[in-house]
Amino acid sequence: MNLSWIVVEDYRRGTGWVNPERRDTRSRRYCELLESGQILMFPELPFALPAEDQEFLLAQEWAELRLHKNVSYRPGEDILKGVTGNPETIGRLRSIFRNYSTAVIDFAGKFLEPYAGKCTIDFSSFRPFEEERRGLPLHKRNDLLHVDAFPSRPTQGGRILRVFTNLNPKKARVWNTTEPFEEVAKRYAPDAGLRRFAEQSWVRRTVQDLGGKLGLRGMGRTPYDMFMLGFHDYLKENTDFQRDCPKIRLEFPPLATWLVLTDGVAHAVMSGQYALEQTFLIPPAALVRPEQAPYRILEKLAARPLVS
Ligand SMILES: [Fe+2]
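K.L.:
Now, about the sheet that holds strand S10 (residues 248–252): what can you tell me, with residues and values included?
P.N.:
Pairing is antiparallel in the open sheet, where three strands are placed in the order S10-S9-S12. The open sheet is flanked by S10 and strand S12 (267–271), the only strands paired with a single partner. Each adjacent strand pair in this sheet contributes to an overall mean axis angle of 30°, direction not counted. Where strand S9 (residues 173–177) and S12 come together, four bridges link them in antiparallel fashion. Each residue of the ladder has a partner; that of Trp-175, found in S12, is Val-269.

In structure tokens, the structure reads:
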């Protein structure tokens, strides 16, 4: 079982692919690795993020700027959320996020070519608080192993790709991961109610589907999306799983960037402060290994379709 990270050595900031003639093969290979549950790690930034922007993010008195769990930015609408305060500071933050987001989107399009132009650009976020002993409510705790699912953005079988950067110049960001999704699902999905979601009535599915087409918030959820939302909470609540599952500790060094499909790799943030992150949603049609997607693994377990 290899669940540690894979260091990417053939793609660099500025110049891109080290061997441009092998770009297609390598790019596809990295998508395959991500979809099979591997974490890809760059020891140095693979995109531009000016030193003055990094310093500005680190220098803010975040406790004084009133702020929610994280600061988030919606690239499509140019909206910054989760922070209020001095308009000049907010303006500068928004422009840092805008540039960061543009740089990561450009990088991801080149590095993971099979997804380029096919994925939805989701939010980006900055996490300025020390994660160790944050004292958040159970379902919001980052230090409990979980898979990601977003209440307001159902993926309908698509995958959640996240690009993280540890902006802390001195301290590693420490994660725990565990066994592959298939193992976790085999052991816990039945108890988490997989059958109930798989047998959901036609009426309920149609209502969700219509709501989604009308663009109603939180609608458009397939039985897969509903199961995954429940599974996120179920895993965090399950004290046996949290205590007994095999754990792999990963220490991402200062300024490392790592890519991971967080709907399929259970993760917990044990410590660290100052991470930047951009999320992408990859639709099933863009996947290079759809058979390894959580929805397909769960459909096999349930012997029923969960996405339609
Ligand atoms: Fe997460």
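The rest of the description comes next.
K.L.:
Residues and numbers for the packing of aromatic side chains, please.
P.N.:
Scanning the entire structure with this criterion turns up 27 aromatic pairs. Considering the side-chain rings of Tyr-11 and Phe-107, the 5.6 Å spacing of their centres and the 65° angle between planes classify their relative orientation as edge-to-face. Here Tyr-11, found in strand S2 (residues 11–12), pairs with Phe-107, found in helix H3 (residues 87–111); they are 96 residues apart in sequence, far enough to count as distant. Taking 5.5 Å as the distance between ring centres and 65° as the angle between the ring planes, the aromatic pair formed by Tyr-11 and Phe-111 counts as edge-to-face. Here Tyr-11, found in strand S2, pairs with Phe-111, found in helix H3; they are 100 residues apart in sequence, far enough to count as distant. You'll find Tyr-11 and Phe-111 in the same group, each marked buried. An aromatic cluster is present here, built from Tyr-11, Trp-17, Tyr-30, Phe-42, Phe-47, Tyr-100, Phe-107 and Phe-111 joined pairwise through their rings. Of note, Arg-92 hangs over the ring of Phe-56, and the distance from its end group to the ring centre comes to 4.6 Å. Across the ring face of Phe-150, the terminal group of Arg-153 is positioned such that the distance to the ring centre comes to 4.2 Å.

K.L.:
Tell me about the pattern of salt bridges, residues and numbers included.
P.N.:
Taken as a whole, this structure holds 24 salt bridges when the rule is applied. Between Arg-26 and Asp-10 there is a salt bridge whose closest N-O contact spans 2.7 Å. Here Arg-26 is found in helix H1 (residues 23–35), whereas its partner Asp-10 is found in the loop between strand S1 (5–7) and S2, with 16 residues between them in sequence. Among the residues examined, Asp-10 registers a relative accessible area of 14% and is labelled buried. Between Asp-53 and Arg-92 there is a salt bridge, and its shortest N-O distance comes to 2.9 Å. With Asp-53 in helix H2 (residues 51–59) and Arg-92 in helix H3, this pair connects stretches of sequence that are 39 residues apart. Using a relative accessible area of 30% as the deciding quantity, one classes Arg-92 as partly exposed. Counted as one network, the salt bridges with shared partners bring together Arg-28, Arg-29, Glu-32 and Arg-289.

Thresholds applied
Residues numbered from 1 in each chain as written. Predicted model: local features only at pLDDT ≥ 70, side-chain atom pairs only at ≥ 80, totals over all residues. Heavy atoms only, no water. Pairing = 2+ DSSP bridges. Helix = DSSP H or I, 4+ residues; strand = E, 2+ residues; numbered from the N terminus. Axes fitted to C-alpha atoms, helices over the stretch in contact; angles between N-to-C directions. Phe/Tyr/Trp six-rings, centres within 6.5 Å; stacked < 30°, edge-to-face > 60°. Buried < 20%, exposed > 50% of the residue type's maximum accessible area, 1.4 Å probe, protein only. Lys NZ or Arg CZ within 6 Å of the ring centre and 35° of its normal. Salt bridge = Lys/Arg side-chain N within 4 Å of Asp/Glu carboxyl O.

In short, shape yes, function no, at least from these values alone.
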